[in-house]
Amino acid sequence: MGSHYDVVVVGAGFAGLYAVHKMRDELGLDVQAFEAAGGVGGTWWWNRYPGARCDFESIHYSYSFSEEIQREWEWSERFAGQPEILAYLEWVADKLDVRRAFRFNTRVTSTTWDDKAARWIICTDDGATCTARFVVSCVGGLSVAKEPEFPGSETFRGELYRTSSWPHEPVDLTGKRVAVIGTGSTGIQVIQEIANEAAELTVFQRTPNFAAPLGNEPVDLAQRRWNAEHHAELRAGSRQHMIGVPYDPPSGPALAATPDERRRIFDKYWDRGGFRLLVSTFSDVIFNQQANETIAEYIRERIRERVKDPATAALLCPTDHPYASKRPPFETGYYEAYNLPHVHLVDVRSAPIEAITPTGVRTSSKSYEFDVIILATGFDVFTRPLLNLGLRGRDGLKLEDRWANGPTSYLGVQIAGFPNLFVINGPKSAVALYNVPLATEDNVNFVAAALARAIADKTATFEATYEAEEAWGRLCEGILNLTVIPHSKGSWYMGENIPGKARAAYFFAGGAPLYRAICAEVAHVGYGGFALDRVSAPIPPMVRLDPAAALLLGSMLARGMKPLDELNLDEVRAVAESLRELQLPGPAMRVETVEAPRARIYIPDRAGPLPVIVFYHGGGWISGSLDLADAPCRRLADENGAMVVSAHYRLAPEHSFPAATDDTFAALSWVWKHVSAYGGDPGRIVIMGESAGANLAAVAAIRARDAGIPLAGQVLIYPPIDPEASTASRTEFADGPFFTRAIGEKMWGAYLGGAELTELAAPSRASSLAGLAPALVLTLELDMSRDEAEDYAGALASAGVPVRLHRFDGLFHGVFNMSAFIPRVREMYASIGEFVATCKEQITEVA
Ligand code: FAD
Ligand code: NAP
C-alpha cells in the first residue's frame, strides 16, 4: 500500500482547486489530489469546442472567497469564453500554489472503504494505491460524456469530434461539410460559432430548445478594472438570490399580469440577457404550467420573428416541454444562423439517426455525407462521474447497487454507507440551479468545517444516516414536483437523457438561500442527520419541512427576511399583515360590520339559521387584525356553511393582559346574545382561533363553560398554552423554522405585561377542564408550541372532553395564513370542516 494522506481530493475544476486550498492551506491537512486531465480547469480544460463560454456573467461565475483574486483578475467579456475561464483557473491554481498537490493524467479507478482501519483505499489507473482518512470528490456533474446511442462512429472516415473532449490544437472547418448532432447548450454554442466557417452545416435536432439571448459583449479596459475593484458591490446579495446571482427579483405572478404587462417585462429581460428572462420576470413561470406557457409562447414568437423560413422556424419552436424544465440555453445569433443558405436543419425526431456511416450520418429516411461530425449529445450527469470512482463503502456496498433506483445523498455532500466520503456538487446538491463557483464554495466550506470538527474530536467516521438521506430525498423530490421540471422530456435534470438511467430527483431545486440555511442549521445543531462514530444526531427541522413550506421559507429568505425575534414591534406587525399576501383569497359574500364589540360577520348565502364560528386571529397578542383574518374567515364560512364572526381584541403591549381575553370573551358573549338577529344559531357556536387567537379561544371556552354559554365545539389551531411549559418541542424548534422561541417569549412577555400567570392566560392551569366543549386541536410537527398544545389536548381528554388531535407533519407555526403557497393547509381546513360538521350533527341530535 502506498502513502497515507489525511485527504484525497479527486478533480481539478472549480471544486477541486478550492478544496485542496481549503483542506491543505486552511486546515493544514496532508492532501493528495488526482486529476484525469493533463491540467487544472475541469469542465474548462475539457470543453474547448468553438463558442464554449459561461452563461452567468464572469464577475459572478468566479470565486468569491478571496479578496485578492477578485481584485486582481479582470474579465475581458461579460460572459467569458472557455480560453479565458481556463486561463483564470490556471492563474488561480498558481496563485494558491495548488498544482503541486495534484497528480495529473491520473484517473481514480477504485475507492474502497476499509472499515477496520477507518480509511479509504484509492487506486489509480497508473497502478498506484494510496490510503486516506477522507476522500473529497470534486469529480463534477458534467464530466462524463454520454455514450453515443448510434453505432458506427469508429467507421467514419472523416473527422469526428466530441465537444467535451475537443482537441487542444485548432480544428479548421473552412470549406468542410460539417454535421452537429445535438441542440442543447453546447450544440447551440457550437452551431452559432461555426455557421460562418463551415461550407455546409447540417444540424441534427431531435428536440428544439428554448434559447434566449445571452447578451455577451466585450468589456473595455476601464470597465474591467472598475468591475474588479467593485467586485463586492457587484456581487452583493448573490448568495441571497435563488440562483446565486444578484439579478432583479421577479415581478409577481405572470398570471396576475395583463398580456401587455407580460410583454413589457419579457421584452425588458430578454434584452438584458441570460438567466434574467427566467428569474427576473415572473415568480410563477417555474411553478405553474399555464404561467410557463406565457413565457414559452413569448420565446416561440421571438424565434418566429428571427427565422425567415416558416417551416424551419416551426421546427425550432419547442412545444413538448415547459420552458426551463430543461436547463435553459442561451445564444448569440443562433436563430439567424438558420437564415444562411448553407445551414440546414434536420429533424431527427421524425426520422431518428440510425448510424454513423463511413461517409456520414444515416437517419431512418436518408443518408448524409460529411467531412466532419461533431457530437454535442450531452453528459451522463451527476451519477456517472461518482460511479466511475469504483466506490465500495461499508461491508463492500457498491455505489451502483445503492443507486440502482436513482441517486441518494444527504445535502448532496454525503452518501449513507460511505463514511468519510464527501462530495462537492454531488447529486441532490443545489448546484444545478445555483451559480457553480458559489455553490462550490458553500459545499467546500461545509465539508471543511465537518472535517475540522471530526479531526478536533478525533472522530474516526463521519457519515450521513440512511434516515437523513431519505428525508433529504423526500424534500428534493417534493420541491421538484412543485415545479414544471418533471414535465420535461429527456432532460438530464431528471436523468432522462440517458437510456436506462433512473428517472429521479437529481438535484435540490429549493434555491441557494434555503439550501444554505439548511446546511447552516445542520452544522449548527452538531451535524444533525450525520452519524459521528456511528452516533447519529437527529435530523434537523428544516430537512423535515413540507416541500411547499420549504419553498416558501426559501423565498422569504431570498427577500432578506430577518428572524422574527430581531424585529421591532412595528416590523412584527408589518410581517403579520404581509401574511395576507400568502393567503388564498376568500370567496365573496355578505359581510356585516359591528362596532361594539368590534367584529366582522361573514354570512354565506345559505338557508339559516346558520351554525356560527367565532374566530380569533393570531399574531402573538401583539399583531394581527381583522384584515389578516378576512380571507380565512370567508373560506371557513363558505366551506362550513357557517356564519363566521371575526372578533377584534386589543393588542399588547399597549393593552396587556387581561385586555385580549376580556375582549374575546365579551365578543363571544355578544355573539351568543345577538347572533340570531343576523341569522346565526346561538345554540351552535364553535369557537376557533389561530395561534395566540387559539389560546384566547381555549380560555374563552373555559369562561363560556363557567358563564353557562353553551358551545358546540372549540377549534384550537396550534395554540400556545403555557409560557412556562417545558417541552421537547420548545427546545427542538427553538430556532424555528420561521417562528422562534425567542419571539414566542417576547410575545408572551408583552401579553402578560408582568401579570401573574393564571388560567385566564394559560388554559392548562384551569382547576378543571371537565365539561368543556368538544375540541379539535391542530398541531404542527415543526412548531415549538406543538407539545404544550398536544399535552392540553391530552388533559382535555383526561377530563372527559371529546377531543380530536390532528398533527400535520412538516409544517411550521403560522402556516394557516400561508394557504396560497402551502397546499396542505387545505388539509387543515378539511379537518376543521369534518369537526364542525360533527359539532353541527351533535347539536342537531340533541335538539
Ligand atoms: P469539473 O469542472 O467537471 O471538474 C471535475 C474534474 O474531475 C474533471 O477535470 C475530471 O477530469 C476530474 N475527474 C472526474 N473523475 C475523475 C476520476 N475518476 N479520476 C480523476 N479525475 C477525475 N455552470 C455554471 O454555473 N455556469 C455556466 O455558465 C456553466 N457553463 C458550462 C459550460 C459547459 C460547456 C459545461 C460542460 C458545463 C458548464 N457549467 C456551468 C457547469 C460546470 O460543469 C460547472 O460550472 C463547473 O465548472 C464544475 O466544476 P467542478 O469542479 O465541480 O467539476
Ligand atoms: P444536453 O443539454 O443534454 O443536450 C444534448 C443534445 O443532444 C440534445 O439536443 C439531445 O436531444 C441531443 N441528443 C442526445 N442524444 C441524441 C440522439 N441519440 N439523437 C439525437 N440527438 C441526441 O447536453 P449539453 O448541450 O452538452 O449541455 C449539458 C449541460 O452543460 C447544460 O445543460 C449546461 O448545464 C452545461 N452547459 C452550459 C453551457 C453554457 O452556456 N454555459 C454550455 C454548454 C453546456 P434531446 O433533447 O432530444 O435528448
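Reading the values: rules and limits
Residues numbered from 1 in each chain as written. Chains lettered and ligands numbered in written order. Predicted model: local features only at pLDDT ≥ 70, side-chain atom pairs only at ≥ 80, totals over all residues. Heavy atoms only, no water. Helix = DSSP H or I, 4+ residues; strand = E, 2+ residues; numbered from the N terminus. Polar contact = N/O pair within 3.5 Å; in protein donor to acceptor, adjacent residues only side chain to side chain. Contact = heavy atoms within 4.5 Å. Near = heavy atom within 4 Å. Areas by Shrake-Rupley, 256 points an atom, 1.4 Å probe, with all protein chains shown as cover. Nonpolar A, V, L, I, M, F, W, Y, C, P; charged D, E, K, R; others polar. Pairing = 2+ DSSP bridges. Axes fitted to C-alpha atoms, helices over the stretch in contact; angles between N-to-C directions.

Structurally, Thr131 is set in strand β6 (residues 129-137). For Thr131, the side chain forms a polar contact with the side chain of His4, separated by 2.7 Å. Beyond its immediate stretch of four places on either side in the chain, Thr131 contacts Met1, Ser3, His4, Tyr5, Arg119, Trp120, Ile121 and Ile122.

Before going further, it helps to spend a moment on the site of ligand 2. Near ligand 2, the surroundings consist of 25 residues, among which Lys146, Thr186, Arg206, Thr207 and Trp492 are the closest. Interatomic distance of 2.7 Å between a side-chain N/O atom of Thr186 and an oxygen atom of ligand 2. Within the side chain of Arg206, an N or O atom sits 2.9 Å from an oxygen atom of ligand 2. For ligand 2, whose free accessible area comes to 910 Å², the fraction covered by protein is 89%. Taken together, the residues that form the shell around ligand 2 break down as eight nonpolar, nine polar and eight charged.

It is worth spelling out unusual backbone geometry at this point. Cis geometry is found at the peptide bond from Gly608 to Pro609, where omega equals -5°. Tracing the backbone shows Pro609 in the loop between β23 (599-603) and β24 (610-616). Going from Phe657 to Pro658, the amide bond is cis rather than trans, its omega being 10°. Its place among the elements puts Pro658 in the loop between β25 (643-647) and α21 (659-674). Within the chain, Asn105 stands out as a residue other than glycine whose phi angle is a positive 50°. With respect to the secondary-structure elements, Asn105 resides in the loop between β3 (102-103) and β4 (108-114).

This paragraph deals with the environment of Tyr616. Positionally, Tyr616 belongs in strand β24. With 211 residues separating them in the primary sequence, Tyr616 and Asn405 have C-alpha atoms 48 Å apart. Apart from residues lying up to four places away in sequence, Tyr616 is in contact with Ala647, Tyr649, Thr664, Leu668, Ile687, Met688, Gly689, Glu690, Gly693, Leu696, Ala697 and Ala700. Looking at Tyr616, its side chain comes within polar contact range of the main-chain oxygen of Thr664, at 2.8 Å.

A sheet is described by the order of its strands in space; here five strands give the open sequence β7-β16-β8-β9-β12, paired in parallel fashion. Only two strands of the sheet have a single partner each, and these edge strands are β7 (159-162) and β12 (343-347). When strand polarity is set aside, the average angle formed by the axes of neighbouring strands in this sheet is 20°.

Let us look at the site of ligand 1. The environment of ligand 1 is formed by 30 residues, the closest being Ala15, Glu35, Thr43, Asp55 and Tyr61. Contacts to ligand 1 include Ala15, whose backbone N or O atom sits 2.8 Å from an oxygen atom. Within the side chain of Trp46, a nitrogen or oxygen atom sits 3.0 Å from an oxygen atom of ligand 1. For ligand 1, whose accessible area on its own is 980 Å², the fraction buried by protein is 94%. Mapped by element, the contributors of at least two residues to the shell around ligand 1 are α1 (14-26) and α2 (43-46).

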